[in-house]
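# Structural overview for review
For reference, the chains in residue letters:
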Amino acid sequence: MTTQAGTRVPTPDTAHRPASWVRTRLRASPLAALLMAALAFVTVFLAAAFPRIADRGADAALQDYVSQKGLNQGSLQTTSKVLDDDDAGKLDRVQQTVAEAIGRQLPLARSGQAYGARALGDRNMGNPEYARFSEHVTDPVLGLLYLHDLAARATLTDGTWPRPAAVGAPLPIVISKKAAETIHIKLGDVIDNGVEGSGAKRTTVVVGLYQVNDPQDPFWDDLGCPARACLRTDPGFEHWMTSGFVDGASLPAMAHWGSNAEIFWRLPVDTAALHADRIDRTRGILSSFLTGRDATALANATGRADLHTSSGLPDILTKADERYQASLPLSTIGPAGVAGVATVVLFLAAALSTDRRTAEIRLLQARGGSLTGVLRRLVGEGAVTVLPAAVLGTALALVLLPTPRWDRSVLAALAATLIALLAFPARAALLWARRRAAGGGRRRLVGELAVLAVTVAAVAEVRRRGVGTGSGLDPLLVAAPLLLAVTGGLLLARIEPVAVGWLAALAGRGRGLIGFLGLARAARDSSGRRKPSALPLLALLIAVTTTGFGATVLDTVDHVRTRAARIATGGDIGVSLPGYAALTDSFTKAAGELPGVRASTAVWVEPRARILGADQTYFEAYLVEVVDPAAYAEIARTLGAGEFDPAKLAGTPGGPDTPVPALVSRDLGKRLAEGSSQVRTPNGNDLRLTVAATVGATPALPDPGKPFVVVPAGPAWDRVPDARRVNQWFAVGDVDPEGVRAVLRNNGGAQPVGMAKLIAEDAAAVGKATHGLPAGYTVHSSRETLVALGDDPLQHAAGQLFWYAAAAGAGYALLAVLLTLFRAAPDRTALLARLRTMGLRPRQGLALIVTEALPQTLAAAVGGGLVAVAAVALLGGAFDISTLVGAKVGEVITPVLMPVLLPTAGLALLVGLGVVVETLVAGRRQIATELRAGEQA
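### A few points about the overall build of the protein
Across its full length, the protein carries 26 helices and 21 strands. Here the protein holds 937 residues, and 49% of them are scored as buried. Contacts in the protein between residues far apart in sequence, at least 24 positions, make up 81% of those at least 6 positions apart. Total accessible area computed for the protein in this model is approximately 43900 Å², and 58% of it derives from carbon and sulfur atoms.

Here it is in structure tokens:
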């Protein structure tokens, strides 16, 4: 509508409409909205990321553990008896059926799959020209197999591949060229394999020789002896053994030759597709194929009623699951601490927003705004900033850290999102309740006492029952350190204002003003009351406690692993030889002079000595003859295994009847009578003993499993001269194992001959000889053993997860302090501005801010360190660290100063630097703005 003067009058349709609440609030404080979105994004991303990091580490550990067990143990082995109409084509069809049926439920690896048939009875090769160790020793032995696609893994060197056998003719086979050379088999030989029960002769004819392309390929495991002639060393039955291969059409003839035969299908499970969270499902599938419904269905589908499947994989998965469950409490404490600190920081951010907008909320309340209406608008306001950031953080974690399981990540992200979204409305709702509330101090005291009671109950329960093995994650064990931190924080929040106020009173008596003002402000919150918020202190203390606790755990694991490696080695370096060999004097002298050797000695270890007991009966024990008792005592002292006074082994020369002083194991000491006893070696030598001391272990035999006797070698050799030899050498110090191996190669002593030489060559053929040393010559290094013990993805995953959590916790702790400074910034800025007009210098202003923040930081650092030490002392015995060590150990976690001190000091320094930087960057600008107030008026 328009008036005569041309002025347009507003109508109801064109009247001004109120702006949207959310849009108005976001435009009023864009920086606050942006910071809240950033905080929500980081928190939700970490909440979604930590479960996925844990899952990826657990998956890698499971896959590595299964892979180390070998191809056969990680496969399903299906077998069936050979039938009269079986041939290669039928095996191919059954293979396809079996692989498809199992592959639908289990991921199968294509590499390593094998199928064929094997004769169940091996036969002697009676040809007189074949190699034997003596006239009375067993003939060489032949085993027969059919292997699908043999030509793809072996190269024919002479003759032809086998063809189907003619009726009544010898069975055509191929054998490896190396086996033929060892046993003296020639191309075209008709091998005499004995006679059947009916008296008919069993014979095979060698039609070809081949060479295996890769003898070390795990594919050949459990497929006989295809690449060479293997040595079988059963006492009294030493003989050569090899395998021959027949054509796929000769399966019934092979079954007749071996009295029976079975078809086998090996289907390896793809370890890269195994996941820790699906172990139970995988075991269920395996159980069904081994003895359940799928096994019956598979037999029906193939038409072979005797089809049977076996596998070692269920036991492997069970052990892997036990390892994973044992590592869960230690690897979950770090993320639990981060969750606690992040929650505190979110509530601190909510408190900061509430303080900034208290006047606005009070105004809405005064104008009749209802609690429900205001909270609905605050939730809507937060949803605009928090929800997009939360969705982006969750999606980023899911994309950057791929793993099949997503439910835990999404649930953790949802919990973090809800806290970030509802913390500010919940805090604002308290403004409605504060005027009507009475006895707030009593409610706080009751709440703190409840937390204390829950903490005491949790710690007592954990100490009473320890860790529940095999039952999954123990929430109580994970929550106990966090509860101790919360209790310590609440207690410190009670003590710190009183202590700081007392210090402020002392500072007020001096001349300086800065110390008094800073301490006085530290003892009050932004409203001037003597009850500062406990949240910043709680955040710092949780971060320090969980970091110190986890660092102590990892430090204990490192030390225990080092000791376990040294005990397994018998020192820092050790050399052991097989029974046929002996160390030379030149080696022991040269090795003892190597750089880094602090103490070394050679010893003779006899595992089959016999001790004459008090009841005049013999029992087996280890006999250890030590060349240098003083050096051996130093090695024992360094290892902490069987420490003794070397003077106790000081023997004197004498005749055969003169006793030699001996250290004996504790169980042996109880069985020997007072006075002298007797030990007899397998070669018939007798040595009289007198018990000098008892020890629980000894470096040469840290965990022998049966009794042992340690004697000085010199007096023992005086009494038994023909026993003068050593087969082991031990040393402590920073010794390079390659240097020891070089000395051993140059001064190794006697080389094997006869049967021992054949055994050594047989071991070398399968790759057991290393570093250019003969088979059986072994150099043990604690350094290398330590690396082997620590080379476990499960250990790496647990340590990595903890340090990620420690870094995140430190970041949140710093953020908690900065939020506290922001919360007190207006009051502090006004004070500094007024003091600046009275002559306060900028450096003094910085000192005032640092003095204000320092008490809380120091209190949290010291209190957190003390709580961490207390948590270790109270809960350390409940943790089993064997899985993280890599060996079964009995040590418990005990308080250690440095692992707690270093992260505590580092966190305190980080917070202090953050305070200084915040003051230099933001404080000066705020003061300048405060001083120019009113200039534009």
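### Points about helix H10 (residues 371-400)
Helical geometry note: an α-helix holds 3.6 residues per turn, so side chains three or four residues apart project in the same direction. The terminal C-alpha atoms of H10, which comprises 30 residues, lie 41 Å apart, in line with the 44 Å expected from a rise of 1.5 Å per residue. Residue alanine 383 marks the point of greatest curvature in H10, where the axis turns by about 40°.

### Here's the deal with the environment of leucine 147
Note on placement: leucine 147 falls in strand E4 (residues 141-147). Each C-alpha atom of the pair leucine 147 and leucine 223 lies 8.9 Å from the other, and the pair is 76 residues apart in sequence. The residues touching leucine 147, leaving out its near neighbours within four places in the chain, are Ala114, Tyr115, Gly116, Phe219, Trp220, Leu223, Phe245 and Phe264.

### Some details on the packing of aromatic side chains
By the definition in use, this model includes 6 aromatic pairs. When the ring of phenylalanine 41 is compared with that of phenylalanine 45, the centres are 6.4 Å apart and the planes differ by 20°; the resulting orientation is stacked. Taken as a pair, phenylalanine 41 and phenylalanine 45 lie in helix H2 (residues 30-68) at a separation of 4 residues, close to a single helical turn. Its guanidinium or amino end placed over the ring of phenylalanine 264, arginine 118 lies 4.3 Å from that ring's centre, counting from NZ or CZ. Of note, arginine 266 hangs over the ring of phenylalanine 219, and the distance from its end group to the ring centre comes to 5.2 Å.

### Quick notes on the packing of helix H15 (residues 535-569) against helix H22 (residues 782-790)
Interhelical geometry of H15 versus H22 gives an angle of 125° and a closest axis separation of 8 Å. When the interaxial angle is binned, H15 and H22 end up oblique. Crossing geometry of H15 relative to H22 is assigned as right-handed. Within the contact between the two elements, H15 uses Arg561, Thr562, Ala564, Ala565, Arg566, Ala568 and Thr569 and H22 uses Ser782, Thr785, Leu786, Leu789 and Gly790.

### Thoughts on the nonpolar core
Generally speaking, nonpolar side chains in soluble globular proteins are found buried as a group. One finds Phe549, Tyr812, Leu875, Phe879 and Ile881 to be the most contacted residues of the largest nonpolar core, which totals 79 residues. Among the elements that make up this core, the one with the highest residue count is H15 (14 residues). Ranked by size, the runner-up nonpolar core spans 58 residues in total, among them Ala88, Leu142, Ala229 and Ile279.

### Some remarks on a nonpolar patch on the surface
A cluster of nonpolar residues, Leu411, Leu414, Leu418 and Leu422, forms a patch on the protein surface that exposes about 370 Å² of accessible area. The topology assignment puts leucine 411 in helix H11 (residues 407-434).

### What about empty space enclosed by the protein?
As enumerated under the stated definition, the model contains 8 cavities of 30 Å³ or more in all. Roughly 280 Å³ of volume is contained in the largest cavity. Lining the largest cavity we find 21 residues, and of these Met36, Ser353, Arg357, Glu381 and Phe424 sit closest to its centre. For the lining of the largest cavity, the secondary structure elements donating two or more residues are helix H1 (21-28), H2, helix H8 (313-356), H10 and H11. Residues that form the lining of the largest cavity fall into these classes: 13 nonpolar, 4 polar and 4 charged. Of the voids in this model, the second largest cavity is the one considered here, and its volume is about 80 Å³. Leu330, Ser331, Ile333, Gly334, Phe549, Gly550, Val553, Leu554, Ala798, Phe802 and Leu884 together form the lining of the second largest cavity. Of the residues assigned to the lining of the second largest cavity, the class counts are 8 nonpolar, 3 polar and no charged.

### Describing the pattern of salt bridges
Side chains carrying opposite charge are able to pair once their charged atoms draw close together. One pass over the structure, following the stated rule, counts 21 salt bridges. The residue arginine 153 makes a salt bridge to aspartate 217 at a minimum N-O spacing of 3.2 Å. With arginine 153 in the loop between E4 and strand E5 (154-159) and aspartate 217 in the loop between strand E8 (201-212) and strand E9 (230-232), this pair connects stretches of sequence that are 64 residues apart. The partly exposed category is assigned to aspartate 217, whose relative accessible area is 22%. For aspartate 792, the salt bridge is made with arginine 323, and the minimal N-O distance between the two is 2.2 Å. Here aspartate 792, found in the loop between H22 and helix H23 (793-837), pairs with arginine 323, found in helix H8; they are 469 residues apart in sequence, far enough to count as distant. For aspartate 792, a relative accessible area of 10% gives the class buried. One connected set of salt bridges, linked through shared partners, spans Asp55, Asp277, Arg405 and Arg408.

Each value, and the rule that gives it
- Residues numbered from 1 in each chain as written.
- Predicted model: local features only at pLDDT ≥ 70, side-chain atom pairs only at ≥ 80, totals over all residues.
- Heavy atoms only, no water.
- Helix = DSSP H or I, 4+ residues; strand = E, 2+ residues; numbered from the N terminus.
- Buried < 20%, exposed > 50% of the residue type's maximum accessible area, 1.4 Å probe, protein only.
- Contact = heavy atoms within 4.5 Å.
- Areas by Shrake-Rupley, 256 points an atom, 1.4 Å probe, with all protein chains shown as cover.
- Expected span 1.5 Å × (residues − 1).
- Bend = angle between axes of the 7 residues up to and from the residue.
- Phe/Tyr/Trp six-rings, centres within 6.5 Å; stacked < 30°, edge-to-face > 60°.
- Lys NZ or Arg CZ within 6 Å of the ring centre and 35° of its normal.
- Axes fitted to C-alpha atoms, helices over the stretch in contact; angles between N-to-C directions.
- Parallel < 35°, antiparallel > 145°, perpendicular 65-115°, else oblique.
- Left-handed = near helix turned anticlockwise from the far one by under 90°.
- Core = buried A, V, L, I, M, F, W, Y, C linked by side-chain atoms within 4.5 Å.
- Patch = residues over 30% accessible without salt bridge, like charges linked within 9 Å, V, L, I, M, F, W, Y side chains within 5 Å.
- Salt bridge = Lys/Arg side-chain N within 4 Å of Asp/Glu carboxyl O.
- 1 Å grid on protein atoms, 1.4 Å probe; cavity = no way out; pocket = protein on both sides within 12 Å on 5 of 7 lines; lining within 4 Å.
- Points joined across faces, edges and corners; volume = space filled by probe spheres on them.
- Nonpolar A, V, L, I, M, F, W, Y, C, P; charged D, E, K, R; others polar.

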